[in-house]
Amino acid sequence: MSVSDVSDISSDEERQPNGTNNNQTDEPGNSGKIGVPPIQRLDITQVSVANAMVQDGTVYYDILVRSDENSWTVTKRYSQFEELHTTLQTTHTYKLPTIPPKHYKVFVSHVDPGFIEQRRALLDNYMKKLLELTEVSKSQDVVNFLNQDKAPQMIDPPTDEKKYPEDQEVTGVTIPSTRKMSDHVLYQIDVMNHRKRQSFQTWTVLKRFGQFYLMDQALRSDFADNPELIYKMPPPPSRKAKLLYDHMDEDFIEERRVLLENYLTKLLEFPDIARNKHFLTFLGVDLGE
């Protein structure tokens, strides 16, 4: 699968997957095909960019939307997120979250599943941050964005509780915050084992970006004889030269934080990796050796 921002450019008649009408809206009093409430009483409580798919060379992102009474799915191209962001910049004075940047396909392989997954994670974070801005999230622009381009059927909502083997030492990771030091950034990793007593369920480790890369290299070395696993492993966020990027910039740090959290979460889905000594040591698990 490859994503192309060129494919994201709008045309007079945008084609949505499965024949969805791009301009479909709900008239007052009409709940729509899949239970979307009328616009005037739409009170959004949760959004999640839960999935991405490629159709005819264009990437579509499934957004799971929840209100107090309903749940539904809308499907968007990357360019539509851009259009929303541009509109909000002209209608609101609030500091908006940073939208994932555009990448041109001459520099980035847009068919790469890793690229699609990283953009999905960043768009998911963007929408969640928008929802935290009460006045922005209730604006007609956001309401319309989350009420148009409805998918023909509801996608399965993501679950907080994932099924892991009983002997898996780590059952959850988040990177809720970062710490700026004099010349580098530390990422706070909260590690969880929900099967332990409450007082031992969560612990914290601090890591620099380079340590994620060393751990990733160790994993790929350990599983060099398992090409199928290597192929499925998520890539870590790419390194970026300090001459070209300010590594202490708040937006730069936030993007890395989101991508690193998503990277660790994806690694947990592979039992062999979740039991690997390099992975466990990185997450502060005492192996008793």
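1. Here's the deal with the pairing of strand 3 (residues 71–76)
In step 1: Counting buried residues in strand 3 gives five out of six residues, a clear majority hidden from the surface.
In step 2: In this structure, strand 2 (residues 58–67) lies alongside strand 3, joined through six bridges in antiparallel fashion. Across the sheet, residue Asp62 finds its bridge partner in strand 3, namely Thr75.

2. Here we look at the side chain of Gln168
In step 1: Summarising the element assignment, Gln168 is placed in the loop between helix 4 (140–145) and strand 4 (172–180).
In step 2: On the accessibility criterion, Gln168 (3% relative accessible area) is buried.
In step 3: For Gln168, the side chain forms a polar contact with the main-chain oxygen of Leu268, separated by 3.4 Å.
In step 4: Excluding its chain neighbours within four sequence positions, the residues that come into contact with Gln168 are Asn193, Arg195, Leu268, Pro271 and Ala274.

3. Some thoughts on the packing of aromatic side chains
In step 1: Enumeration over the complete set of coordinates arrives at six aromatic pairs.
In step 2: Ring geometry for Tyr187 and Phe212: centres 6.3 Å apart, planes at 90°, overall edge-to-face. You can see Tyr187 sitting in strand 5 (residues 185–192) and its partner Phe212 sitting in helix 5 (residues 209–222), a full 25 residues away along the chain. Each member of the pair, Tyr187 together with Phe212, is buried.
In step 3: Geometrically, the ring pair formed by Phe212 and Phe282 is edge-to-face, given 5.0 Å between the ring centres and 70° between the ring planes. Of this pair, Phe212 sits in helix 5 while Phe282 sits in helix 9 (residues 277–282), and the two are 70 residues apart along the sequence.
In step 4: Accessibility expressed as a relative area gives 0% for Phe212, which makes it buried.
In step 5: An aromatic cluster is present here, built from Tyr61, Phe81 and Phe145 joined pairwise through their rings.
In step 6: Over the aromatic face of Phe145 sits the side chain of Lys76, whose NZ or CZ is 4.5 Å from the ring centroid.
In step 7: Its guanidinium or amino end placed over the ring of Phe209, Arg256 lies 3.5 Å from that ring's centre, counting from NZ or CZ.

4. Overview of the pattern of salt bridges
In step 1: For the coordinates displayed, the defined rule picks out 14 salt bridges.
In step 2: When the shortest N-O distance is used, the salt bridge between Lys128 and Asp124 registers 2.7 Å. Linking Lys128 with Asp124, this pair stays in helix 2 (residues 113–132), spanning four residues, or about one helical turn.
In step 3: With relative accessibility at 14%, the residue Asp124 sits in the buried group.
In step 4: Between Glu254 and Arg257 there is a salt bridge whose closest N-O contact spans 2.9 Å. One end of the pair is Glu254 and the other is Arg257, both in helix 7 (residues 250–267) and three residues apart, which spans about a single turn.
In step 5: When its relative accessible area of 25% is taken as the criterion, Glu254 is described as partly exposed.

The rules behind these values
- Residues numbered from 1 in each chain as written.
- Predicted model: local features only at pLDDT ≥ 70, side-chain atom pairs only at ≥ 80, totals over all residues.
- Heavy atoms only, no water.
- Buried < 20%, exposed > 50% of the residue type's maximum accessible area, 1.4 Å probe, protein only.
- Helix = DSSP H or I, 4+ residues; strand = E, 2+ residues; numbered from the N terminus.
- Pairing = 2+ DSSP bridges.
- Polar contact = N/O pair within 3.5 Å; in protein donor to acceptor, adjacent residues only side chain to side chain.
- Contact = heavy atoms within 4.5 Å.
- Phe/Tyr/Trp six-rings, centres within 6.5 Å; stacked < 30°, edge-to-face > 60°.
- Lys NZ or Arg CZ within 6 Å of the ring centre and 35° of its normal.
- Salt bridge = Lys/Arg side-chain N within 4 Å of Asp/Glu carboxyl O.

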